[in-house]
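The lines below spell out each chain.
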Amino acid sequence: MNELSLITGLKAAAALQLGIATLNLFLVPLLRWQQEVARMPLLLREVFHVHAWFISLTLFLFAVLTWRFANEMSGAGNLLAHWFAAGIGCFWALRTVLQVTYYSSSHWRGQPGRTVVHVVLLLLYGGFAAAYLWAGFNLRQ
């Protein structure tokens, strides 16, 4: 992969992460979880909301910093940018593994729409991991 392709891939990942960060803020109404969340004990509901906000903030920061520093992440000579890219790559690699190993297949198996979403997310998260890990370990001088 040449440097221009990697920069393009990183910027695409940044834009998609910004979209995920935004969607995550509206996850409860999108998945029609209002009643389930309202029934949660207060502390659990508060933790749920704070975690959702912080995941969105984390993805927003990943997106903005990637967009701004895609050139540094993809090129040689900036060790901090490579470490940052590798860290984000590990984040998304773990998320990809969890998509397969943690979530029960009963959530999507036999339901074509949910199966498509599951596969798309798996490919998306795996693509993020690949792009960032490529940048993180692309240490040519």
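The paragraphs below set out a description of the structure included in this document. None of these values were measured; they are calculated from a predicted model.

Moving on, we come to the packing of aromatic side chains. Under the defined criterion, the tally for this structure stands at 7 aromatic pairs. An angle of 75 degrees between the planes, with centres 6.0 Å apart, marks the rings of Tyr102 and Tyr103 as edge-to-face. Classification of Tyr102 by relative accessible area gives exposed; the value is 65%. Note on Tyr103: relative accessible area 41%, which makes it partly exposed. An aromatic cluster of at least three residues, connected via ring pairs, comprises Phe62, Phe84, Phe91, Trp92, Tyr125 and Phe128.

The subject of this paragraph is helix α6 (residues 112-136). For α6, with 25 residues, the first-to-last C-alpha span of 36 Å sits near the 36 Å given by 1.5 Å per residue. Among all positions of α6, only His118, Tyr125, Phe128, Ala129, Ala131, Tyr132, Ala135 and Gly136 are buried. Taken together, the buried residues of α6 touch α1 (3-25), α4 (42-74) and α5 (79-101).

Two elements in contact, α4 and α5, have axes separated by 10 Å at closest approach and are oriented at 135 degrees. Between α4 and α5, the angle falls in the class oblique. Judged by the sense of rotation from one axis to the other, the crossing of α4 with α5 is left-handed. Touching Leu59, Phe62, Leu65, Thr66, Glu72 and Met73 of α4 are Ala81, His82, Phe84, Ala85, Ile88, Phe91 and Trp92, all from α5.

Definitions and cut-offs
- Residues numbered from 1 in each chain as written.
- Predicted model: local features only at pLDDT ≥ 70, side-chain atom pairs only at ≥ 80, totals over all residues.
- Heavy atoms only, no water.
- Phe/Tyr/Trp six-rings, centres within 6.5 Å; stacked < 30°, edge-to-face > 60°.
- Buried < 20%, exposed > 50% of the residue type's maximum accessible area, 1.4 Å probe, protein only.
- Helix = DSSP H or I, 4+ residues; strand = E, 2+ residues; numbered from the N terminus.
- Expected span 1.5 Å × (residues − 1).
- Contact = heavy atoms within 4.5 Å.
- Axes fitted to C-alpha atoms, helices over the stretch in contact; angles between N-to-C directions.
- Parallel < 35°, antiparallel > 145°, perpendicular 65-115°, else oblique.
- Left-handed = near helix turned anticlockwise from the far one by under 90°.

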